[in-house]
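For reference, the chains in residue letters:
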Amino acid sequence: MASGNGYSGKILKVDLTTGKFETILTEKYKSWGGGHGIGSALFFDLCEDKTIKGTDPGNVVTIMASPLSGTLAPSVAGRCEVQGIGIQAYPIGWFTRSNFGGRFSTQLKFAGWDGIVLMGKSPKQVWLNIINGEVKLQDATDLWGLNTRETQEEIWASVEPSKKDNDWTNLGQSRDSGRTTQRPAVLTTGPNAERFGPMAALIHDAGNGAGQGGFGGVFASKNLKAVSVLGTGGVAIADPKALMAARLWSNSYSFAGHHDDPAEYVGLTSFGSTPGKPLAPMQDTPEGVKSRPQGCVGCIRSCRGRTDTGQGNESQCVDFFWYDAHDVKAHGKITDAAPRATDAIQLSGVNAFAVEAATLWLEQLYNKGILGKGKAIDSNLPFDKFGSGEWAEAFINCIITQTDIGKELCKGVAQAALAWGRLEIDTTSGILPLQEWGLPQHYDARTEVEWGYGSLMGERDINEHDFNWHVYWTPTIAGLFGVEPAVSAQRLAEIFAKKMIPYNDPMAINYSDEGIYSESMAKTVAWHRHYTRFYKQAMGFCDWGWADFVNPYGPEHEGMTSVGENKFINAVIGGNMTFAEGMEVGRRIWNLDRAIWILQGRHRDIEKFTEYNYTTGAQPGMTTYEAPYTMPVFENNEWSYKSVAGRILDRQKSEDWKTLFFKVEGWDVKSGWPTRETLEKLDLANVADALEKAGKLGASA
Ligand code: SF4
């Protein structure tokens with residue numbers, strides 16, 4: 001990779017224990033790309049004991065931008081990656097990641113930093129104030145109990161005491177030495193987040209959240225309330241003309257380039273979707289409430305909404321999904337209950353996805369007479385008002401104040417189930433669908449296996465829709481509307497095979513009963529792990545815009561993926577990296593992550609889904625989504641879309657699939673541990689040494 005361009009060149013290392021700051025030169029870590037790659041490498045180098053808990057002061061947390069942050073790269077420039085040992089997964093809090101959008105990563109770059117490393121634990125409650133190259137830890141005693149909005153407003157007022165909206169702030173002495181109209185970009189925890197740590201998210205602005213992993217609780221365990229950054233610099237671009245050309249080229253793949261002739265496309269896409277229609281029923285705002293598209297920095301996909309009431313601003317998908325269906329069930333339509341519920345989690349800094357799973361489960365426990373006033377699980381929550389804003393706010397309040405059922409739920413959903421003696425029974429029946437690692441099922445491992453296997457081979461719900469929009473949602477929605485999908489199953493398989501460099505497997509998206517256990521599916525999962533580790537999590541390509549496999553505006557519905565990503569990367573950082581080379585960096589990052597999990601205790605023997613996946617059939621509505629699973633299958637020598645609902649995973653075949661996957665990755669099939677040969681080929685001899693020292697290096701075949 002070329003030097004300098006796209007990178008600020010410096011990473012800020014903060015020792016919270018001593019209050020000292022150091023600068024790490026980005027140059028040393030550039031081979032990892034940025035974002036997640038550099039974050040993993042920094043964690044590996046700086047976290048001395050990787051077996052500690054996430055709340056241990058020895059935990060190292062990284063907040064990383066990418067070289068594309070703050071540039072014109074669309075659906076890329078505004079993302080920011082957070083990593084460290086998490087506290088949400090159960091029973092082991094894996095080294096994990098989360099990601100959020102908005103303008104934080106841009107401000108970080110404009111301030112002259114590629115990322116932040118947080119180490120140790122402050123002796124008192126503090127917040128981190130970064131203004132260009134000036135860095136301070138400031139007292140947070142008065143902020144500690146504030147909600148996310150109050151905290152940000154206090155920090156804004158502290159950093160820019162006399163600023164009014166749209167005013168310029170002059171940070172330098174002379175006219176052109178640094179001015180901005182921006183408020184500081186603040187990443188904050190909710191009130192007293194250490195008390196509901198595993199459920200605690202990090203929130204930036206109104207609704208950008210890093211929810212997974214419990215990083216709000218990890219921040220609080222370090223006595224850190226928030227990080228604020230304000231910058232007045234810029235980002236050097238290797239080839240500005242090429243960047244502008246790439247941006248204009250991508251315009252033809254977006255709604256923005258087709259205002260006058262929007263595609264009629266039944267189903268969901270990524271980059272080509274309609275702005276301001278964030279898939280979730282945010283588009284169905286309460287009657288009389290107007291909403292317009294809102295995006296992270298540089299994004300023309302602009303998937304979120306901004307309402308004229310201010311409710312639910314910047315919130316997306318599960319932020320709203322967690323309660324909207326309950327609102328509709330109670331009232332026959334979206335009322336202000338759903339946006340009130342959305343704002344309750346954003347203001348409290350509570351993980352929306354964990355809350356959604358808990359809510360579905362609690363409803364069932366209440367209906368079964370297990371939960372409620374005087375019941376086995378005693379609760380005074382007003383379940384007779386379930387679906388109302390009042391219930392949602394009371395529920396979130398009980399988590400953040402550790403009252404009522406919040407006394408247990410504040411420790412996490414799996415931990416609450418354990419405390420109530422329900423973990424085994426409810427994850428066996430499936431009424432509590434914690435799919436793997438004690439984390440809520442998102443998409444169903446029994447049907448959309450690339451999602452399930454990806455999460456199981458990793459450490460968290462992957463939350464990566466690269467396949468999902470096209471292999472599940474589009475054929476399923478088309479089926480519900482009684483129309484043919486715009487792209488046939490055969491054409492879909494061709495598009496995926498063409499773009500999934502280097503495997504290019506024609507059976508990559510065969511979700512038939514045989515296909516899900518095949519070597520092709522092992523390659524698909526491997527491709528997905530490598531692609532997302534580099535392109536999405538290291539370089540910042542947003543999950544709601546990329547990968548762009550199928551695009552309603554592309555030639556014969558082909559999207560930009562395998563061509564577009566590197567147009568932007570090369571324009572910003574220079575050089576001529578191919579798509580395959582980026583995939584290889586992704587494989588390297590994935591292997592490093594794998595090594596960290598192995599040091600934490602990972603072995604193939606514990607890589608199993610929760611019991612219900614092997615014993616009960618996948619049914620619409622059983623867990624999160626009500627829509628049936630219709631997916632591409634290759635059966636009887638032809639491609640078709642078919643319902644795969646009702647499927648149960650075969651235990652032995654799943655084990656055999658893992659063996660195939662480990663072979664594809666070049667790992668020891670008995671343990672699932674990488675071999676020295678594989679790691680050295682990836683220039684990771686030091687990682688092989690660390691595994692060997694721990695007695696955890698995979699045996700070569
Ligand atoms: S697609 Fe949505 S979440 Fe992604 S960068 Fe754009 S506005 Fe942000």
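Definitions and cut-offs
- What you see as residue numbers is a count from 1 along each chain, following the sequence as written.
- Given that the model is predicted, a residue must reach a pLDDT of at least 70 before its local features are reported, and side-chain atom pairs must reach 80 or more before they are shown or counted; all residues, however, enter totals for whole chains, interfaces and linings.
- To get the side-chain values, all heavy atoms of the structure are used, and hydrogens and water are removed first.
- By the convention used here, strands pair only if DSSP detects at least 2 bridges between them.
- Numbering of helices and strands runs from the N terminus, with a helix taken as a DSSP run of H or I at least four residues long and a strand as a DSSP run of E at least two residues long.
- All axes are obtained by fitting lines to C-alpha atoms, using only the stretch in contact for helices, and the reported angles, taken between N-to-C directions, cover 0 to 180 degrees.
- Multiplying 1.5 Å by the residue count of a helix minus one yields the expected span of that helix.
- The bend reported for a residue corresponds to the angle between axes fitted to the seven residues ending at that residue and the seven starting there.
- Relative accessible area decides the class of each residue, using a 1.4 Å probe on protein chains only: under 20% of the type maximum gives buried, over 50% gives exposed, and in between gives partly exposed.
- Every residue pair with non-hydrogen atoms within 4.5 Å of one another is taken to be in contact.
- Patches draw on residues past 30% relative accessible area with no salt bridge. Two like charges within 9 Å are joined, as are two nonpolar side chains (Val, Leu, Ile, Met, Phe, Trp, Tyr) within 5 Å.
- Computed with the Shrake-Rupley method and a 1.4 Å probe, the accessible areas treat only the protein chains shown as cover for residues.
- For salt bridges, the criterion is a side-chain nitrogen of Lys or Arg within 4 Å of an Asp or Glu carboxyl oxygen.
- The cutoff for a nearby residue is simple: one of its non-hydrogen atoms must lie within 4 Å of the molecule or strand.
- In this count, Pro and Cys sit with the nonpolar residues alongside Ala, Val, Leu, Ile, Met, Phe, Trp and Tyr, while Asp, Glu, Lys and Arg are called charged and the others, Gly among them, polar.
- What counts as a ring pair is set by centres within 6.5 Å for rings of Phe, Tyr and Trp (its six-membered ring), and what kind of pair is set by the plane angle: stacked under 30 degrees, edge-to-face over 60, tilted for all other angles.
- The rule for a charge over a ring is simple: NZ of Lys or CZ of Arg within 6 Å of the ring centre, and within 35 degrees of the ring normal.
- Joining through side-chain atoms within 4.5 Å is the link that ties buried Ala, Val, Leu, Ile, Met, Phe, Trp, Tyr and Cys residues into a set, and such a set is a nonpolar core.
- Here a cavity is any set of points on a 1 Å grid over the protein atoms alone where a 1.4 Å probe fits but cannot get out, and a pocket is any open set with protein on both sides within 12 Å along at least 5 of 7 lines; a residue lines the site when it has an atom within 4 Å of a point.
- Grid points are joined across faces, edges and corners, and a volume is the space filled by probe spheres set on the points.
- Oblique is the label for any angle not covered by the other classes, which are roughly parallel (under 35 degrees), roughly antiparallel (over 145) and roughly perpendicular (65 to 115).
- In a left-handed crossing the near helix is turned counterclockwise from the far helix by less than a right angle, and in a right-handed crossing that turn is clockwise.

Attention shifts here to the sheet that holds strand β13 (residues 208-210). Strand order across the open sheet formed by 6 strands is β8-β7-β14-β11-β12-β13, with mixed pairing between neighbours. With one partner strand each, in any of the chains shown, β8 (134-139) and β13 form the two edges of the open sheet. Within the sheet, the average angular offset between the axes of one strand and its neighbour, ignoring direction, is 20 degrees. Summarising the sheet, strand β7 (residues 126-131) and strand β14 (residues 224-230) pair through 6 bridges and their orientation is parallel. Opposite W127, over in β14, you have A226 as the bridge partner.

Taking 1.5 Å as the rise per residue, helix α14 (residues 468-481) with 14 residues should run 20 Å; its terminal C-alpha atoms sit 18 Å apart, in good agreement. Along α14, the sharpest kink reaches roughly 25 degrees, centred on T474 and followed within four residues by the proline P475. Extensive coverage of α14 is indicated by the burial of 11 of its 14 residues. Listing the buried residues of α14 in full gives N468, W469, H470, V471, Y472, W473, T474, P475, T476, I477 and A478. Buried-residue contacts for α14 involve α13 (449-457), α15 (489-499), β21 (630-635) and β22 (638-643). Looking one or two places after α14, you find G482, whose phi comes out positive at around 75 degrees.

With that settled, the discussion passes to a nonpolar patch on the surface. There is a patch of nonpolar side chains on the surface, built from V266, L480, F481 and V483 and spanning about 380 Å² of accessible area. Residue placement: V483 occurs in the loop between α14 and α15. Given the relative accessible area of 37%, V483 is considered partly exposed.

On to the site of the ligand, then. All residues in the neighbourhood of the ligand are listed as S75, R79, G295, C296, C299, R301, S302, C303, R304, C542 and W544. Taken together, the residues of the shell around the ligand break down into 5 nonpolar, 3 polar and 3 charged.

So, on to the pattern of salt bridges. For the structure shown, the criterion picks out 37 salt bridges. As a salt-bridge pair, R676 and E680 come within 2.9 Å of each other at their nearest N and O atoms. Here E680 and R676 lie together in helix α21 (residues 676-681), a separation of 4 residues that amounts to about one turn. When its relative accessible area of 22% is taken as the criterion, R676 is described as partly exposed. On the accessibility criterion, E680 (41% relative accessible area) is partly exposed. Among the salt bridges present, the one from R676 reaches E692, with a minimum N-O distance of 2.7 Å.

Take the packing of aromatic side chains next. Applying the stated criterion to the full structure yields 44 aromatic pairs. On the numbers, 6.0 Å between centres and 5 degrees between planes, the contact of Y323 with W391 is stacked. Within this pair, whereas Y323 is found in helix α6 (residues 318-331), its partner W391 is found in helix α9 (residues 389-400), the two being separated by 68 residues in sequence. Taking relative accessible area as the criterion, W391 reaches 0% and is therefore assigned buried. For K10, the ring lying beneath its charged end belongs to W113, and the centroid distance is 4.1 Å. The cationic tip of R529 hangs over the ring face of W590; the distance from NZ or CZ to the ring centre is 5.7 Å.

This brings us to α9. The terminal C-alpha atoms of α9 lie 17 Å apart, and with 12 residues this matches the ideal 16 Å at 1.5 Å per residue to within 8%. Buried within α9 are the following residues: G389, W391, A392, F395, I396, C398, I399 and I400. Its buried side turned inward, α9 meets α6, α7 (337-348), α8 (352-367) and α10 (406-409). Positive phi appears at Q402, one or two residues downstream of α9, with a value of about 55 degrees.

Attention now goes to the sheet that holds strand β6 (residues 115-119). Spatially, β2-β1-β6-β3-β4-β5 is the arrangement adopted by the 6 strands of the open sheet, whose pairing is mixed. Of all the strands in the sheet, just β2 (20-25) and β5 (95-100) have a single pairing partner and so form its edges. The sheet shows a mean angle of 20 degrees between the axes of neighbouring strands, taken without regard to direction. Of the strand pairs in this sheet, strand β3 (residues 61-64) and strand β4 (residues 80-85) are connected by 3 bridges, and their pairing is antiparallel. For T62, the partnering residue across the bridge sits in β4 and is Q83. Of the strands in this sheet, β1 (10-15), β2, β3, β4, β5 and β6 touch helix α1 (residues 35-46), which is tilted by about 25 degrees from β4.

Right, let's talk about the nonpolar core for a bit. W322, L362, F395, I405 and F661 are the most contacted members of the largest nonpolar core, which totals 174 residues. Here this core gets 11 residues from one element, more than from any other, and that element is helix α18 (residues 579-600). If near-sequence neighbours (up to four positions away) are discounted, W322 is found in contact with A341, T342, I345, A352, V355, E356, T359, W391, A392, F395 and I396. With 30 residues, the next largest nonpolar core counts L12, C80, I87 and V229 among its residues.

When you line up the elements, S520 lands in helix α16 (residues 519-536). Assessed through its relative accessible area of 13%, S520 is described here as buried. When near neighbours in sequence (up to four residues on either side) are disregarded, S520 contacts D505, M507 and A508.

The subject of this paragraph is the pairing of β22. Here β21 runs beside β22; their pairing, made up of 6 bridges, is antiparallel. Residue pairing in the sheet places V633 in a bridge with S640 of β22. Linking β21 back to β22 in an antiparallel pair, the connection comprises 2 residues, with N636 at a positive phi of about 50 degrees.

Space inside the second largest pocket adds up to approximately 740 Å³. Lining the second largest pocket are 30 residues, and of these W156, D205, A206, R306 and E314 lie nearest its centre. For the lining of the second largest pocket, the element with the highest residue contribution is helix α3 (residues 148-159), accounting for 5 residues. When its residues are assigned to classes, the lining of the second largest pocket shows 5 nonpolar, 13 polar and 12 charged.

Here the focus is the packing of α16 against helix α20 (residues 651-665). The description of two packed helices rests on the angle between their axes and on the distance between the axes. The N-to-C vectors of α16 and α20 enclose an angle of 55 degrees; their axes lie 9 Å apart at closest approach. Relative to α20, the element α16 is oriented oblique. Crossing handedness for the pair α16 and α20: right-handed. In this structure, α16 contributes E519, M521, A522, K523, V525, A526 and H530 to the contact, and α20 contributes W657, L660, F661, V664 and E665.

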